[in-house]
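Below, each chain spelled out in residue letters.
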Amino acid sequence: MYYSYLFPSYYPYQSLLYRNDGQYRKIIDMILHGIKGEATAVQFYQQLAKKTPSERAREDVLHALEDEKIHLKQFVDLYVMLTGKRPVYKAEEVSFNTFKEGLELARKDELEAYEDYRDAYLATRDQTIRDVFFLAMTDEIEHALRFSFLLSELR
């Protein structure tokens, strides 16, 4: 579910960040990093879903995929709101041979994204920006837990 209340289009958004401030550039870079990571995760999880060995595993991967699509949209919306421009980015290709190998990569990526989003959350006091990073951060740790349980079943 997309949280459109975070970005009311009828209300001119005034960020606590100032464009000539070093923190502004840092936050914009963190958002762009999030966009690239989420776009990569969307492509990765589409591939991973095709290799699932069970319906439960497929449901968990598809759940994470849908969350990543939401995060991607929220980060893009946030970037546009703060910069007035569409982000330019390219998703990275993730290579793996087996479901287990892909799942291990996914768990590692989710934990790294959690840490990145936590750091971004703590880097600003702007509530709209914090909300986006908080929602993504909590979903990332949930995905890491789901993937950890799936990995324990494969051992």
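Because the structure is predicted, anything quoted here is derived from the model rather than measured. (Residues numbered from 1 in each chain as written. Predicted model: local features only at pLDDT ≥ 70, side-chain atom pairs only at ≥ 80, totals over all residues. Heavy atoms only, no water.)

Asks: If you had to explain the pattern of salt bridges to someone new, which residues and values would you point to?
Replies: Summed over all chains, the structure comprises 9 salt bridges. Among the salt bridges present, the one from glutamate 66 reaches lysine 69, with a minimum N-O distance of 3.4 Å. Of this pair, glutamate 66 and lysine 69 both sit in helix α2 (residues 55-83), 3 residues apart, which is roughly one turn of the helix. Where aspartate 119 meets arginine 118, a salt bridge forms, and the shortest distance between an N and an O atom there is 3.2 Å. In this structure aspartate 119 comes out as partly exposed when scored by relative accessible area, which is 38%. Three or more residues are tied together by salt bridges with common partners; here these are Arg56, Asp60, Glu142, Arg146 and Glu153. (Salt bridge = Lys/Arg side-chain N within 4 Å of Asp/Glu carboxyl O. Helix = DSSP H or I, 4+ residues; strand = E, 2+ residues; numbered from the N terminus. Buried < 20%, exposed > 50% of the residue type's maximum accessible area, 1.4 Å probe, protein only.)

Asks: How would you summarise the environment of leucine 78 if you had to cite specific residues and measurements?
Replies: Considering the arrangement of structural elements, one finds leucine 78 in helix α2. In this structure leucine 78 comes out as buried when scored by relative accessible area, which is 0%.

Asks: Account for the packing of aromatic side chains, with residues named and values stated.
Replies: Under the criterion given, the structure shown has 7 aromatic pairs. Ring geometry for phenylalanine 44 against tyrosine 45: centres 5.3 Å apart, planes inclined by 40°, an arrangement best described as tilted. Where tyrosine 121 meets phenylalanine 134, the ring centres are 5.8 Å apart and the plane angle is 45°; that geometry is what we call tilted. Here the residue tyrosine 121 occupies a position in helix α3 (residues 99-122), and phenylalanine 134 occupies one in helix α4 (residues 127-154), the gap between them amounting to 13 residues. By relative accessible area, phenylalanine 134 is classed as partly exposed at 38%. (Phe/Tyr/Trp six-rings, centres within 6.5 Å; stacked < 30°, edge-to-face > 60°.)

Asks: Quick one: what's the story with the confidence of the model for the protein, residue by residue and with numbers?
Replies: The predicted coordinates ought not to be read in detail in places where the model reports low pLDDT. When pLDDT is averaged across the protein, the result is 90; 86% of the residues are at 70 or more. Within the protein, the element-level pLDDT minimum falls on helix α1 (residues 22-49), averaging 96, and the maximum on α3, averaging 98. (pLDDT = per-residue confidence, 0-100.)

Asks: For the nonpolar core, give the residues involved together with the corresponding values.
Replies: Ile31, Ile35, Phe75, Tyr117 and Phe133 are the most contacted members of the largest nonpolar core, which totals 24 residues. Among the secondary structure elements, those contributing two or more residues to this core are α1, α2, α3 and α4. With 8 residues, the single largest contributor to this core is α1. Setting aside residues no more than four positions away along its own chain, isoleucine 31 makes contact with Phe75, Leu78, Tyr79, Leu82 and Phe133. Within the second largest apolar cluster, 18 residues are counted, among which are Tyr45, Ala49, Leu103 and Leu151. (Core = buried A, V, L, I, M, F, W, Y, C linked by side-chain atoms within 4.5 Å. Contact = heavy atoms within 4.5 Å.)

Asks: Help me get a handle on the packing of α1 against α4, residues and values and all.
Replies: Two elements in contact, α1 and α4, have axes separated by 13 Å at closest approach and are oriented at 35°. The two elements α1 and α4 meet at a crossing, and its hand is left-handed. The segment α1 lies against α4, with Ile27, Met30, Ile31, Glu38 and Tyr45 engaging Ile129, Phe133, Glu140 and Phe147. Each residue belonging to the contact of α1 with α4 can be placed in one class, and the counts come to 7 nonpolar, no polar and 2 charged. (Axes fitted to C-alpha atoms, helices over the stretch in contact; angles between N-to-C directions. Left-handed = near helix turned anticlockwise from the far one by under 90°. Nonpolar A, V, L, I, M, F, W, Y, C, P; charged D, E, K, R; others polar.)

Asks: Let's hear about the environment of aspartate 116: which residues, and what values?
Replies: Residue placement: aspartate 116 occurs in helix α3. Along the sequence, aspartate 116 and phenylalanine 133 sit 17 residues apart, while their C-alpha atoms lie 9.1 Å from each other.

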